[in-house]
Amino acid sequence: MPKQLFVGFLLLLSVLPVTLLAQEKVVTGKVTDSKDGTGVANVTVTAKGSRTGTQTGLDGTYRISVSSSVTTLVFSAIGYATQEVVISGATADVNFVATSANLNEVVVVGYGTQRKKDLTGSITAVTSKDFVRGPITTPEQLIAGKVAGVQITSNSGQPGIGSRIRIRGGTSLNASNDPLIVIDGVPVENAGIAGSPNPLSLINPNDIESFNILKDASAAAIYGSRAANGVILITTKKGRSGDKVRVSFSTLNSIAVKTGIVDVMTADEFRGYVNANGSATEKALLGTANTNWQEEIYTSAFMTDNNIAVSGGIRKLPYRLSIGYLNQDGILKGSNLQRASVGLNLSPKFFDNHLSVNSQVKYSLSKNNFASQGAIGSAVYFDPTKPVYSGKTEYGGYTEWTNASGLNGLAPDNPVGLLNQRTDKSDVNRIIGNVQLDYKLHFFPDLRANLNLGLDKSDGSGSIFVPATAASEFTRKGINNKYEQDKTNKLLEFYLNYVKEIKSIKSRIDVIGGYSWQDWLTKSPAFADYQADGVTVQEPAGIPFETQNTLVSFYGRFNYNLLDRYLLTVTMRRDGSSRFSEQNRWGNFPSAAFAWKISDEEFLKSSRIISNMKLRIGWGITGQQDGIGDYGYLPAYFFSDSAARYQLGSGYVTLARPQGFDANLKWEETETRNIGIDVGFLQNKINFSVDYYEKDTKDLLAVVPAAAGTNFTNQLLTNVGSIKNRGLEFTVNSNAINRGDFSLDLGFNLTYIIQNEITRLQLAKDPSFLGAETGSNGFNNVQIHSVGYRPSTFFLYQQVYDNKTGLPIEGLYVDRNRDGIINDFDKNWVKNPDPTVFMGFSANATYRKFGAGFVLRAQTGNYMYNAVRANSAIMQNVLTGQGYLNNGHSNILETDFANRQTWTDYYLENASFLRMDNIYLNYNVGKIMKGKADLRVNVNCQNVFVVTKYSGLDPEINGGIDNTIFPRPRIFALGLNLDF
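All of these numbers come straight from a predicted model, not from anything done at the bench. Throughout this document, residue positions are counted from 1 along each chain, in the order its sequence is written. Owing to the predicted nature of the model, reporting of local features is limited to residues with pLDDT of at least 70; listing and counting of side-chain atom pairs is limited to 80 or more, with chain, interface and lining totals taken over all residues. To obtain the side-chain values, all non-hydrogen atoms of the structure were used and water was disregarded.

1. Description of the sheet that holds strand β42 (residues 781-785)
Spelled out, the test is: Paired strands are those between which DSSP finds at least two bridges. Strands here are runs of E lasting at least two residues and helices are runs of H or I lasting at least four, both read from the DSSP assignment and numbered beginning at the N terminus. Axis lines are fitted to C-alpha atoms, over the contacting stretch for helices. Their N-to-C directions set the angle, which ranges from 0 to 180 degrees.
If you trace the four strands from one edge of the open sheet to the other, you get β41-β42-β43-β46, paired in antiparallel fashion. In the strand order of this sheet, the two ends are held by β41 (772-776) and β46 (828-830), each with one partner. Neighbour-to-neighbour, the strand axes of this sheet turn through a mean angle of 45 degrees, independent of strand direction. Two strands pair when backbone bridges link them, and strand β43 (residues 793-796) and β46 are joined in this way by three bridges, in the antiparallel orientation. From the neighbouring strand, Leu-796 faces β46, where its bridge partner is Asn-828.

Below, the structure written as structure tokens:
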């Protein structure tokens, strides 16, 4: 090469980088969620037409260098619609629109993850961007009304109280109907811990990233003997590798107010009723006060919920540390929950990313102050003509009913006195965590080994003190007692996962095989029963308690993908439980499912309307052992309670009593069939799913009469029955509008219970056996489990009404069998507390920096027995003839009933409802503190309104019997979020 040419070539090489650099440009910006304006992390940003790319940080910001010829950036992320943005300068901000139908979204399944488009079972994922907003104290409230087939009903308005969760209805009568809940790979126990109103209230909802609900057996059977009621997988938030330190702070402060009170007689109405119907002695008992006892026991309640999270990635160590503090007062005076929580997640990778370590630990300390809920019923009944305070020193200065010998023990206690003279406090600690090691073998990278070691440990302790002067415990001279409980749940799981792409036949196999060991231990020490002054009420002291059960399992799953269109999943789990005898200890739980991605076939590939269509068919068998005693199959002796001790001289001896048992006891088994179709239209802007399912439960556990002399009990828990369930689920989600500054997302789900019927409930046929009665109204059972009907169907007489007035005629019922005698054979199986249809509807809209949305729920076909009316709206209740008066429901002024009508269907009411659970408005303020932080402000209202024909306080009460509840309040909240 000539010298001159060589020199020129060197000069060209030296100038070329400068020339290329001059042709590049730097673009920065921020990606925010269209719903609430928060920054979206881990969004992939690429230059269209090239391989240049980067990712957004935790706050949603990015920086990318691109060629000057690049005019468009492409933004993509799991759970969001891919967007293209034209570069108009040095910045490019994006308002990202979430889409629940992103087919590449990764969904958590039992023991691993799968792409949404590869699912064969009925699985619904709800991520944090779709959670219910506002004052949420327990995790399950985050998804209320969001998932077809899933009912989440709060048990009451008590701070920290749990919810009844039902997935596709119940399959059991006397075992549990609750789903299995798995938190970060650790299956947890549904039973609570002493001192806590709800085990899930010990988990901070702000730490949760997603819920994945396994509804059908083909998805849930991998959990075998615990999956008959479905499985809920909860995943908590983690840090991300390579991110700089990010700090997020949120505070939510709210005021709760009562929505109404029981419609009882006012003081003047009460005086009028007693004067019109009472004797001279009863009239003389009337007072001159005008006291609204319900107003005396309720108050406005404040709540503050504060959380701070620090996350990021130090080299290859992603981390997230969170600290939370909740202080919630209840509207019943004196009720309070305080919860302090700490969570730490570490997820490093080692050995060239072959070894992944996911470790998480969550600790919470909960302090509860339980107000006496007996005050709620007492406030309904206590005489409104009496003042709160008596002006005397006895009974703590509270007005109480007395007679010549002192306190009238038959009368209700002063509601305010019940609240103020009882101190019931508890401290509960819970630590739940696990370490999961996932190793992709260096010499065989298609094979992964996964080891999961977990621990869920909780201890609760508390004390109850009632002074000796309190009327509620006057005869026993008060209470000064303590209680304690310790629970330990240990887990060891190991599985191998083999994944192989077979390109020659365009197939993919995914095989998993594993072993699981889980052990539960519960201990309660002995405490004596003390009076307020510390004197023992009764000897001997309490009896220590300890119980344990162990579950050993082997499981496997085979996934086969052919041509990326035909999907097959087969699972098998074999469980062995210490709760059953050796003959019944082991059970097999298989499942199989097939899915066909129809939209990938040639005849639909080019469709401009249908962008996704998948048919799913599944079958499987799951089990149920939750709620079954640990030793129910053994002939065992238990210590007697205080009511069954033997007196020797002046002392009492605790007896050892034989317990009823069934040596052949085993778990229930549920066989499920499911067929479903998922369809997406217009590039998945509109998506809907339809599922039809059938569930047949056999070996149903029920309490039935035992023949005399055959056991140590006359009521025995045994496998005796069967139930059939059929239902239809429908879900539609739509990104209805996405134009410029405005977007609107809509979601709707509907579940129709076609059949929920007991098909067998007897060991041997007995014509006189109508069913197993259940559901107390405070005096008698008003529900029954009977063959041919839904569980807990109301079992009542048909009321006869006056043709002229339309009012019920007291004591007159339809003689159904026309034998002239009114007895159980004249009762009707009428209505049910559970709905035949339930729905959820949500909407979220954004306009520039504003966001708004709401969640609606509705139920139809559900009925409620108004026990408050039935027990108080009668003369027998008001004019007791026992030296005291009771107030009554104002309905007494209409019916003028004299005596209690326990089994009349007059008190059975239609409880269908439409409820707005939540409505919110937020505003993204943007940068503050000289650009160091992003600020968002939100306002929220919970339990906004209820439209219903039901005359009681709330049409949504678990069990369907309104016996006075801690009412759910309406909550107004203001929240702030700061991201640094």
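2. Examining the packing of aromatic side chains
Our working definition: Classification of ring pairs rests on two measures: the distance between centres of Phe, Tyr or Trp rings, Trp counted by its six-membered ring, which must be within 6.5 Å, and the angle between planes, read as stacked under 30 degrees, edge-to-face over 60 and tilted in between. Exposed residues in this analysis have more than 50% of their type's maximum accessible area, buried residues have under 20%, and partly exposed residues fall in between, with area computed by a 1.4 Å probe over protein chains only.
Within the structure shown, the criterion is met by 28 aromatic pairs. Seen from their ring centres, Phe-795 and Trp-829 are 4.9 Å apart, and the 45 degrees between their planes marks the pair as tilted. Taken together, the residues Phe-795 in strand β43 and Trp-829 in strand β46 connect sequence positions 34 residues apart. On the accessibility criterion, Phe-795 (2% relative accessible area) is buried. Residue classification places Trp-829 among the partly exposed positions, given a relative accessible area of 24%. Taking the centre distance of 6.1 Å and the plane angle of 65 degrees together, the rings of Phe-897 and Tyr-906 count as edge-to-face. We note that Phe-897, like Tyr-906, is buried.

3. Observations regarding the pairing of strand β49 (residues 863-866)
In β49, alternate side chains face the same way, and those of Tyr-863 and Tyr-865 on one face and Met-864 and Asn-866 on the other are all buried. Where β49 lies against strand β50 (residues 908-910), three bridges are found, and the strand directions are antiparallel. Among the inter-strand pairings, Met-864 is bridged to a residue of β50, identified as Glu-909. The sheet contact formed by β49 and strand β53 (residues 961-962) spans two bridges and is parallel. Residue pairing across strands places Asn-866 opposite Asp-962, the latter belonging to β53.

4. Some words on the sheet that holds strand β1 (residues 24-33)
Two modes of strand pairing occur in sheets, parallel and antiparallel, and in both the strands are linked by backbone hydrogen bonds. In spatial order, the strands read β4-β1-β7; together these three strands make up an open sheet with mixed pairing. Two strands lie at the open edges of the sheet, namely β4 (61-67) and β7 (94-96), each paired on one side alone. Here the average twist between neighbouring strands, direction ignored, is 35 degrees. Taken together, the three bridges between β1 and β7 define a ladder with parallel strand orientation.

5. What about the side chain of Asn-481?
Basically, it comes down to this: The term polar contact refers here to a pair of N or O atoms within 3.5 Å; inside protein, the definition further demands a hydrogen-donor-capable atom paired with an acceptor-capable atom, and it admits residues adjacent in sequence only when both atoms are side-chain atoms.
Relative to the helices and strands, Asn-481 is located in strand β27 (residues 479-502). For Asn-481, a relative accessible area of 16% gives the class buried. In this structure the side chain of Asn-481 is engaged in a polar contact, spanning 2.6 Å, whose partner is the backbone nitrogen of Tyr-530.

6. Focus on helix α6 (residues 374-381)
Note the threshold: Residue contacts are counted whenever heavy atoms from the two residues lie within 4.5 Å of one another.
α6 sits mainly inside the fold: six of its eight residues count as buried. Looking at α6, one finds that the buried residues are Ala-375, Ile-376, Gly-377, Ser-378, Ala-379 and Val-380. Packed against the buried residues of α6 are α5 (293-297), α7 (415-420) and α9 (867-872).

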